[in-house]
Amino acid sequence: GEDVEQSLFLSVREGDSSVINCTYTDSSSTYLYWYKQEPGAGLQLLTYIFSNMDMKQDQRLTVLLNKKDKHLSLRIADTQTGDSAIYFCAEKNDKIIFGKGTRLHILP
Amino acid sequence: GAVVSQHPSWVICKSGTSVKIECRSLDFQATTMFWYRQFPKQSLMLMATSNEGSKATYEQGVEKDKFLINHASLTLSTLTVTSAHPEDSSFYICSARRGGETQYFGPGTRLLVL
């Protein structure tokens, strides 16, 4: 069945780059997403990538997709305290399937 | 643009009562709305998909009679948790799609059933 896996926790020093990894199982996914959720809030779409793309860059965010390995990553350059949140990876075929989320903790 | 609101943002109710949660797309018409449920430290689980003017499609394991969904207009969908019990306590999040691929999420409604 469809499944999305990601590590649950990541700790990064302020100013460093954060890399959040995700694997998925549905090879027919058309879109892959990264969402951000701040405490007690809903989801904010950060970025998405079409399944026929390898990379997408948007300011401090870089998404890499390895379709062969079904691996997706999100790199946040120059991580700031405001980046502290839970980041959800999600894949979409006919519906969106979310991972459990990676909690990003920023060290001073 | 593409703002989705939910009301209420939080609600506390007694066991056995029913609770209605509203989801509105404020600046666009949503052809499809989705309802998710999120338990603490868990992912979002899709409960149902609703298209305006038609019956909602529920995911496996979600009780239709327990979670009533009404998508009466292109800007409003409601989720009613009927005869709520403590195990229904959760964070309910809706999202709306306006015809493209992107879903826009509401801020969520936290339900606590005593």
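Quick caveat: nothing in here was measured; it's all calculated off a predicted structure. The numbers attached to residues start from 1 for each chain and follow its sequence in the written order. Key to labels: chains lettered from A, ligands numbered from 1, both in the order written. Only residues with pLDDT of 70 or above have their local features reported here, since the model is predicted, and side-chain atom pairs are shown and tallied only from 80 upward, although totals for entire chains, interfaces and linings are computed over all residues. Hydrogens and water are ignored here; the side-chain numbers use all heavy atoms of the structure.

**Q** I would appreciate a short explanation of the overall build of chain B in the present structure.
**A** Under the scheme used here, helices are H or I runs from DSSP no shorter than 4 residues and strands are E runs no shorter than 2 residues, and both carry numbers assigned from the N terminus. Regarding its fold elements, chain B presents 0 helices and 11 strands. Reading chain B from its N end, one meets helices and strands in the order β-β-β-β-β-β-β-β-β-β-β. For the radius of gyration, the atom set is restricted to C-alpha positions; the globular benchmark scales as 2.2 Å times the number of residues to the power 0.38. Relative to the 2.2 N^0.38 estimate, which gives 13 Å for 114 residues, the radius of gyration of chain B is 13 Å and therefore close to what a compact globule would have. Each of the three principal axes of chain B carries a C-alpha extent, and together these read 40 × 25 × 20 Å. What makes two residues a contact is simply this: any of their non-hydrogen atoms within 4.5 Å. When contacts within chain B are restricted to residue pairs at least 6 apart in sequence, long-range pairs at least 24 apart make up 55% of them. Residue-level accessible areas treat just the shown protein chains as cover; the underlying method is Shrake-Rupley with a 1.4 Å probe. For chain B, the computed accessible surface area is about 5,600 Å², with 53% contributed by carbon and sulfur atoms.

**Q** I'm lost on the pattern of salt bridges in this one. Help?
**A** Where side chains of opposite charge bring their charged atoms close, a pairing between them can arise. Residues and elements named next belong to chain A. A side-chain nitrogen of Lys or Arg and a carboxyl oxygen of Asp or Glu constitute a salt bridge if their distance falls within 4 Å. Applying the stated rule across the entire model yields 5 salt bridges over all chains. For K36, the salt bridge is made with E38, and the minimal N-O distance between the two is 3.9 Å. Burial status follows relative accessibility: with a 1.4 Å probe on protein chains alone, a residue under 20% of its type maximum counts as buried, one over 50% as exposed, and anything between as partly exposed. Among the residues examined, K36 registers a relative accessible area of 10% and is labelled buried. Put simply, K68 and D69 hold a salt bridge, and the shortest N to O gap is 3.7 Å.

**Q** What's the story with the environment of S89 of chain B in this structure? I'm lost.
**A** Residues and elements named next belong to chain B. By secondary structure assignment, the location of S89 is in the loop between strand 8 (76-81) and strand 9 (90-97). The class for S89 is buried, based on a relative accessible area of 19%. Each residue touching S89, except ones within four places of it in the same chain, is listed here: R37, F39, L111, L112 and V113. Whenever a nitrogen or oxygen atom comes within 3.5 Å of another N or O atom, the pair is scored as a polar contact, on the condition that within protein one atom can donate a hydrogen and the other can accept it, and that pairs from neighbouring residues in sequence are kept only if both atoms are in side chains. For S89, the side chain forms a polar contact with the main-chain oxygen of P86, separated by 2.9 Å. Within the structure, the side chain of S89 is placed 2.8 Å from the backbone nitrogen of V113, a separation counted as a polar contact.

**Q** What exactly am I supposed to notice about the side chain of K66 of chain B here?
**A** All names here are of chain B. For K66, the position within the fold is in the loop between strand 6 (57-58) and strand 7 (67-73). Engagement of the side chain of K66 in a polar contact is seen with the backbone oxygen of S83, the distance being 2.8 Å. Of the polar contacts made by the side chain of K66, one reaches the side chain of D88; its length is 2.7 Å. Those residues within four positions of K66 in sequence are excluded, and the remaining contacts are T80, V81, T82, S83, A84, H85 and D88.

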